[in-house]
Amino acid sequence: MASEGVSMRRGLVKQVLSGDSVVIQGAPRPNGPPEEATVYLSNVSAPRLGKRPTETVTATPDEPFAWEAREWLRKKLVGQVVTFIKEFTATSSRDHGKIYLGGTSVETAENVNETAVAEGWLEVRQGKVADEFTSKLLDLQEKAKSAKIGRWSENLEGAVRDIKWNFTDPRSLVDHYKQKPVDAVIEQVRDGSTVRAFLLPRFEYITLQLSGVRSPSTRAGNDGAIEPFANEAKFFAESRVLQQDVQIVLESVSNANFVGSIIHPKGNIAEALLREGFAKCVDWSIGLCTGGSEKMRAAENQAKINRKRIWATYKPSAGGLVEKKKFDAKVIEIVLNDAMIVARDNGEESKVYLSSVRLPRDAGDRPAASGRQFRPLYDIPYMYECREYLRKKLIGKKVSVTVDYLQPKSEQFPEKTCCTIEAGGQNVAIGLLERGLSKVVRHRNDDENRSSHYDSLLAAEAKAEKEQKGLFAVPGKEEGNHTQRVQELQGDLARSKQFLPYLQRGARSEGIVEFLTSGSRMRVYVPKETCLLTFLLGGINCPKSARAGANGQTASAAEPFADEAAKFTRKLTMHREVELEVEGLDKQGAFIGYLWVKPEDGGRPQNLSELLLEQGLATLHFTAEKSSHYNHMAAAELRAKNAKRNIWSTWTDTDAEAKEEEAANQKSERTVNYKKVAVSDVGKNGNSFRISAQSMEDGPKLEKLMEELRVGVTSSAAPSNVTVKRGEMVAAKFSADKQWYRAKVESVKAGLADVLYVDFGNRETISTSDIAVLPSTLVGVPASAKDYYLALTTVPSDEDYAGFAIGALQRLLGSAAFAEVNVEYSLGGAQYAQVIVEINGERVDVGKTLIEEGFALADKRREQRLQKLVTAYGDAEKKAKKERANIWEFGDFTGNEI
């Protein structure tokens with residue numbers, strides 16, 4: 001120091017308060033932020049900045065060029081190391097002096113007082129006695145005045161800011177900027193995650209909370225102490241963004257404060273706070289973060305692992321230690337709305353829950369359900385809609401399952417495996433939340449047991465809330481209360497009798513299987529009649545499942561193959577859309593009839609009773625003899641017997657063998673009467689090849705019928721006026737050639753109809769607008785197409801091989817203009833025939849060729865008249881085995897293993 005009373009301070013400029021006042025930080029301290037001192041430039045004064053209003057004082061405006069003077073000094077000094085030499089302390093206890101920037105000594109450094117005067121931003125304050133320094137400042141000021149620069153400019157336009165201190169509608173400002181980056185200067189750091197800033201160039205003064213994070217508060221609590229690391233977090237943020245040129249993205253509002261992100265050239269301050277353990281993630285706003293939440297979560301996890309600062313005592317949650325396993329599975333059942341049963345490829349089943357998703361309503365908040373048992377699925381608003389979304393999207397579909405965490409067992413609930421479920425690359429939980437059909441679980445900040453896509457779930461919920469969907473809808477805006485008014489028919493014979501006529505009229509009723517008690521007994525919801533009924537499969541006896549008795553004891557043990565039958569039925573029907581053909585009631589009010597299931601690969605619905613019989617999981621009941629399905633069911637049971645499947649594994653029928661031999665002796669000669677047909681469609685039914693064909697003799701009749709049809713349709717009502725009903729004969733426009741053909745409607749749903757072209761045997765789904773009224777003269781005309789089945793051949797049960805076999809059959813039949821069929825035997829009303837086509841002048845046996853090329857298996861029969869064909873087909877199969885053709889590529893096997 002040069003003389004007594006003059007002291008020197010060296011430090012980093014933290015902040016510039018005005019054009020002539022600066023905050024200087026001292027050297028860092030080991031136990032907290034460094035000391036600070038506010039100093040003032042001596043012998044000069046700057047224009048005064050305006051002050052923001054308070055509850056008692058109104059705002060004051062800037063003096064001209066006050067902001068420009070402050071900005072010149074801010075850009076020059078903030079973040080720079082300077083030397084301050086105190087000249088005097090005013091009566092206000094303020095230290096005044098000179099600030100030097102750069103250089104190796106005071107003599108070589110830049111005198112900021114002189115430079116500011118020379119640039120015209122400061123006015124010289126002349127004392128009573130003019131010294132050498134003051135004289136120099138006055139000379140510099142005269143030059144600035146002469147040059148009309150800085151505050152001496154004659155152009156006063158824009159010299160005084162128009163500051164917007166308060167906002168009555170903060171949301172309007174967020175909407176104005178449309179989440180685009182806005183230039184800004186940070187004026188104050190209130191705590192590590194809250195700042196005050198000016199948005200430029202409109203000078204909007206805002207208080208901003210960083211989205212997605214919260215730092216310890218610097219406000220004292222009831223005990224007078226601030227939160228741990230509050231001052232350190234504040235200093236951390238100040239040293240990086242205070243009075244820095246940044247960009248701000250306004251993302252939302254919270255009370256009167258704005259919520260958003262600060263974009264700095266050196267990185268995201270929120271991420272830095274998290275990484276250093278100065279902040280925690282905040283779930284309610286993390287989904288708003290510009291750039292996404294993944295980096296924020298990763299930064300917080302890094303601080304947790306390193307146990308930095310606020311995470312010094314961190315211990316991972318027990319459920320979060322589970323390995324993030326991932327596997328593929330098929331969904332076979334939806335359990336309410338937040339859980340499902342999935343089956344892996346090896347048949348293992350697991351119950352999994354959607355991570356961080358809760359039901360539409362707490363189970364304890366139950367609306368009144370007068371007159372019947374409370375059923376959450378139907379009585380809680382949006383519960384049924386939520387389940388239906390999952391059922392339609394997932395049942396029978398392959399999904400990707402990622403285990404997020406295990407929720408520990410509690411007094412009310414068992415341990416839960418909580419997972420993220422993806423179908424077709426889409427997160428199922430996000431789909432639910434976007435539709436407002438569920439809500440996100442709000443976890444504690446220290447609870448890591450949450451979805452791996454938790455922030456995306458929060459964003460999806462926020463979107464639904466903003467669009468007022470589902471659970472977030474404004475009361476009265478949406479029609480109905482979103483519950484299902486269900487008629488409960490269980491154990492009520494009188495009420496079941498009231499519904500019986502409605503379920504028997506017309507064609508089959510559509511339903512959804514909700515619950516199974518055995519392979520042939522289930523609970524079905526019929527939406528059209530809004531009833532929940534018990535349904536028993538007719539025409540069969542199915543092994544009974546075990547019955548529970550009192551005190552958890554088993555009242556009766558399960559019959560053999562009961563579990564297998566129940567599993568088979570569950571796989572085909574649980575939570576799937578089915579068709580019911582009701583025949584009657586039992587004494588307890590359960591409906592009896594036939595249930596039709598839709599194959600996963602499409603095609604016509606199949607009789608579940610027949611499928612159980614064919615698998616050997618049920619036996620034929622005498623009541624089936626009265627049914628129109630008896631022949632097919634009897635044939636299915638016979639196939640199961642011959643294959644010795646399940647129930648029939650030890651069965652022998654000596655009487656049937658004797659009768660078969662006797663019949664063969666009585667008719668030992670094979671009848672040969674080939675009939676020319678035109679093949680219109682091929683496929684499979686069970687394990688038999690199906691061929692739909694028209695007699696060549698009927699060709700002229702069919703052409704005349706088609707001509708009458710098209711003339712009749714042209715003159716009839718427009719298709720748009722036609723009401724399409726299932727089971728009716730109609731005229732339908734074929735999609736391939738846009739021509740009209742006779743068809744039978746098999747089902748109608750959502751403007752689409754499944755139709756069977758009765759004169760050609762093929763099926764397709766068309767719009768109901770492509771259906772017209774069939775002329776009455778053509779309704780009773782017999783169908784031209786007839787189904788035949790390849791004799792002595794069997795379709796491989798493996799789905800891939802079966803597809804190859806059907807393709808080979810199509811190629812063989814498509815290579816000839818017509819085919820010749822000779823019916824060899826009948827089974828259950830179905831005709832099995834030898835089929836011959838002529839290829840390159842040579843007659844080719846279609847069935848034998850399929851077997852010889854390894855696409856089909858030979859079916860052995862005992863009839864004497866068929867033995868020549870049986871032998872020829874058997875030799876063809878041996879050849880295919882020897883050459884390892886197609887299905888035999890991996891060697892020999894039995895039919896049951898395919």
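Residues numbered from 1 in each chain as written. Predicted model: local features only at pLDDT ≥ 70, side-chain atom pairs only at ≥ 80, totals over all residues. Heavy atoms only, no water.

As annotated in an unreviewed UniProt entry, the protein chain is Staphylococcal nuclease domain-containing protein from Pristionchus entomophagus. What the UniProt record of the protein chain gives under Subcellular location (unreviewed entry) is the line "Cytoplasm". (UniProt positions renumbered as here; feature names shortened; annotations may be inferred.)

Q: Just checking my understanding: could you explain the pattern of salt bridges for this structure?
A: Side chains that differ in sign of charge can pair as their charged atoms come close. On inspection of all chains with the given rule, the structure shows 44 salt bridges. One salt bridge connects Arg 202 with Glu 204, and the closest N-O pair in it is separated by 2.6 Å. The exposure class assigned to Arg 202 is partly exposed, which follows from its relative accessible area of 34%. Take Glu 204: its relative accessible area is 0%, and that puts it in the buried class. In this structure, a network of salt bridges that share partners links the residues Arg 70, Glu 71, Arg 74, Glu 187 and Asp 245. (Salt bridge = Lys/Arg side-chain N within 4 Å of Asp/Glu carboxyl O. Buried < 20%, exposed > 50% of the residue type's maximum accessible area, 1.4 Å probe, protein only.)

Q: Can you help me understand helix α14 (residues 562-573) in this one?
A: An α-helix turns once every 3.6 residues. As a result, residues three or four positions apart point the same way. Its twelve residues place the ends of α14 16 Å apart at the C-alpha level, agreeing with the 16 Å of an ideal helix rising 1.5 Å per residue. Of the residues one or two after α14, His 575 is the one with positive phi, at around 60°. (Helix = DSSP H or I, 4+ residues; strand = E, 2+ residues; numbered from the N terminus. Expected span 1.5 Å × (residues − 1).)

Q: Any chance you could explain unusual backbone geometry here in plain terms?
A: For the bond running from Leu 200 to Pro 201, omega is 5°, close enough to zero to count as cis. With respect to the helices and strands, Pro 201 occurs in the loop between β10 (194-199) and β11 (204-210). Here the phi dihedral of Tyr 382 falls at roughly 70°; this positive angle occurs in a residue that is not glycine. Residue placement: Tyr 382 occurs in the loop between α9 (376-379) and α10 (383-394). Non-glycine residue Phe 561 carries a positive phi angle of around 70°. Within the fold, Phe 561 resides in the loop between β31 (554-556) and α14. What makes Phe 561 partly exposed here is its relative accessible area of 27%.

Q: How should the side chain of Thr 793 be read in this particular structure?
A: Locating Thr 793 in the fold gives a position in strand β44 (residues 793-794). Among the polar contacts made by the side chain of Thr 793, one reaches the main-chain carbonyl oxygen of Leu 790 at a distance of 3.3 Å. (Polar contact = N/O pair within 3.5 Å; in protein donor to acceptor, adjacent residues only side chain to side chain.)

Q: Any chance you could explain the sheet that holds strand β40 (residues 752-756) here in plain terms?
A: Pairing within the open sheet is antiparallel, and its five strands lie in the order β41-β40-β39-β38-β42. Each of the sheet's edge strands pairs with one partner strand only, and the pair in question is β41 (763-767) and β42 (771-772). Sheet topology places β40 next to β41; five bridges connect them, and they run antiparallel. Within the sheet, the bridge partner assigned to Val 755 lies in β41 and is Glu 764. (Pairing = 2+ DSSP bridges.)

Q: Would you take a moment to explain the side chain of Ser 193 for this structure?
A: With respect to the element layout, Ser 193 can be found in the loop between β9 (182-191) and β10. For Ser 193, a relative accessible area of 5% puts it in the buried group. Only 3.0 Å separates the side chain of Ser 193 from the backbone nitrogen of Ser 215, close enough to count as a polar contact. Setting aside anything within four residues of it in sequence, one finds Ser 193 in contact with Leu 208, Gln 209, Leu 210, Val 213, Arg 214 and Ser 215. (Contact = heavy atoms within 4.5 Å.)

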